[in-house]
Amino acid sequence: MQLGVVGLGRMGQIVVDRVIEAGHDVVAFDLDEEAVATAADAGATPADSVVDLAERLGADKRIWLMVPAGDAVDAALDDLEPHLDGDDIVVDGGNSYFEDSVRRADTTDAAYLDCGTSGGPAGAELGFSLMVGGPEWAYEELVPVFDAVATGPEGHDRMGPAGSGHYVKMVHNGVEYALMQTYGEGFELLANGRYDLDLESVARTWNNGAVIRSWLLELCEEAFAEEGTDLGTVADRVEGGSTGTWTVQEALEQEVPVPLIYQALAERFDSRSSGGEGPGRFSRRLANRLRYGFGRHEVPRREE
Ligand SMILES: NC(=O)C1=CN([C@@H]2O[C@H](COP(=O)(O)OP(=O)(O)OC[C@H]3O[C@@H](n4cnc5c(N)ncnc54)[C@H](O)[C@@H]3O)[C@@H](O)[C@H]2O)C=CC1
Ligand SMILES: O=C(CO)[C@H](O)[C@H](O)COP(=O)(O)O
């Protein structure tokens, strides 16, 4: 199969690498020329615009967008639109708002798949978890690509109609926020509690057989190993928050109580308004290191 990939950052380059590794052809474009050169080094055919990418794909185009959610998706689609028809398939693998995906699916001539992607840069080796919404025929057509990008056939599935893939990923992220918050609270208590504990040792011990072992807990262990048990210079201002905000908004609309997810989101908002003396809340600092661990989001540092 031949796949066009638009957006070659942390996540898009992994899509390129894994699809090529599985024996498919890739045409690649990014606004950043260096990113295009990296994809070309990996064996992709470079394109110098979205339109050039569309023209190189010929008939029955299969295109994967891996750009930031929002305007960048609409900009890429606007450029693609004159070149698309009903036999073409566009996948949006980013963290788009599900209602935007429903709108895009309604307005594009191509079959549109909204694909929630989880696994972060660690997916380069492991593959991703992919939650796909949209027409069944388009999902089935792209199974070879999903097999390559995901951990394997078990790592992807069609969730339902347009919007459902990004809806499931939105809720996934809400869960992610709450899990980070609860690990953060536990380690904050241990860091300030009665014993002088080595938190890397605690995390490692928990990761080996404990009920609460998980990948996020492995990333806690990595954080303490790399930053020290006091998390060194990691600051307590936590960025991000869009997917968690959408989760809480949707929960309000559906009258489903999600106090843990809300609290985790509120901690982030509060972290941006407080900014006092000293290192700040340990739980928030751990959240920052975890966001780096799973997503390579920049770690804010405080001056010593
Ligand atoms: N980093 C992570 O762990 C995860 C990210 N995501 C989502 O995947 C998407 C991509 O994320 P990352 O790769 O981390 O971002 P990134 O910032 O590393 O890469 C985005 C790339 O898109 C390019 N770009 C922006 N607008 C463009 C346009 N109009 N045409 C062509 N290229 C354009 C940029 O130059 C950049 O290379 C986002 O929606 C993000 O929320 C989803 C799951 C995990
Ligand atoms: O989707 C992800 C992980 O699953 C991304 O890393 C996302 O950026 C996380 O959300 P936030 O930036 O709000 O912490």
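Keep in mind it's a predicted model, so treat the numbers as computed, not measured. (Residues numbered from 1 in each chain as written. Chains lettered and ligands numbered in written order. Predicted model: local features only at pLDDT ≥ 70, side-chain atom pairs only at ≥ 80, totals over all residues. Heavy atoms only, no water.)

Caption draft 1: Spatial organisation of the packing of helix α12 (residues 242-254) against helix α13 (residues 259-274). Running from amino to carboxyl end, α12 crosses α13 at an angle of 135°, the nearest separation of the two axes being 10 Å. On the basis of the axis angle, α12 is oblique to α13. Classified by chirality, the crossing of α13 by α12 is left-handed. Packed against α12, whose contacting residues are Gly244, Thr245, Thr247 and Val248, the element α13 presents Ile261, Tyr262, Leu265 and Phe269 at the interface. Looking at the contact of α12 with α13 residue by residue, the class counts come to five nonpolar, three polar and no charged. (Axes fitted to C-alpha atoms, helices over the stretch in contact; angles between N-to-C directions. Helix = DSSP H or I, 4+ residues; strand = E, 2+ residues; numbered from the N terminus. Parallel < 35°, antiparallel > 145°, perpendicular 65-115°, else oblique. Left-handed = near helix turned anticlockwise from the far one by under 90°. Contact = heavy atoms within 4.5 Å. Nonpolar A, V, L, I, M, F, W, Y, C, P; charged D, E, K, R; others polar.)

Caption draft 2: Seen up close, the site of ligand 1. Not every one of the 21 residues close to ligand 1 is listed here, only the nearest: Arg10, Met11, Asp30, Asn95 and Thr117. The backbone of methionine 11 places a nitrogen or oxygen atom 2.8 Å from an oxygen atom of ligand 1. Coverage of ligand 1 by the protein amounts to 80% of the 830 Å² it exposes when considered alone. Taken together, the residues of the shell around ligand 1 break down into 11 nonpolar, seven polar and three charged. Both domains that meet at the shell around ligand 1, namely domain 1 (2-161) and domain 2 (169-295), each give it at least three residues. (Near = heavy atom within 4 Å. Polar contact = N/O pair within 3.5 Å; in protein donor to acceptor, adjacent residues only side chain to side chain. Areas by Shrake-Rupley, 256 points an atom, 1.4 Å probe, with all protein chains shown as cover. Domains from an automatic or database assignment.)

Caption draft 3: Here's a closer look at the sheet that holds strand β7 (residues 129-133). If you walk across this open sheet you meet the eight strands as β3-β2-β1-β4-β5-β6-β7-β8, and the pairing is mixed. Lying at the two open borders of the sheet, with one neighbouring strand each, are β3 (45-46) and β8 (156-160). Judged from the three bridges that link them, strand β1 (residues 2-6) and strand β4 (residues 62-65) form a sheet pairing that is parallel. By the bridge assignment, valine 5 is partnered in β4 with tryptophan 64. (Pairing = 2+ DSSP bridges.)

Caption draft 4: Main features of helix α2 (residues 33-41). Inspection of α2 places Ala35, Val36 and Ala39 among the buried residues, and these make up the whole buried set. Summarising the axial view, the buried residues of α2 lie within an arc of 100°, below the 170-degree limit, and thus occupy one face. More than 90 degrees from the buried face of α2, the exposed residues found are Glu33, Glu34 and Asp41. Buried residues belonging to α2 abut α1 (12-21), β2 (25-29) and β3. Capping the start of α2 is the job of one residue whose side-chain oxygen sits 2.9 Å from the backbone nitrogen of glutamate 34: aspartate 32. Residue glycine 43 follows α2 closely and has a positive phi angle near 110°. (Buried < 20%, exposed > 50% of the residue type's maximum accessible area, 1.4 Å probe, protein only. Arc of directions from axis to C-beta.)

Caption draft 5: Just the UniProt feature "binding site: substrate" (unreviewed entry) in the chain, in detail. Here, UniProt's "binding site: substrate" (unreviewed entry) annotation points to Asn95, Ser118, Gly119, Gly120, His172, Asn173, Tyr177 and Arg268. Tracing the backbone shows tyrosine 177 in helix α9 (residues 164-192). Not counting residues within four places of it along the chain, the set of residues in contact with tyrosine 177 comprises Gly240, Gly241, Ser242, Thr243, Gly244, Ala264, Leu265 and Arg268. As for its position among the elements, arginine 268 is in helix α13. Each residue touching arginine 268, except ones within four places of it in the same chain, is listed here: Tyr177, Met180, Val238, Glu239, Gly240, Gly241 and Arg291. (UniProt positions renumbered as here; feature names shortened; annotations may be inferred.)

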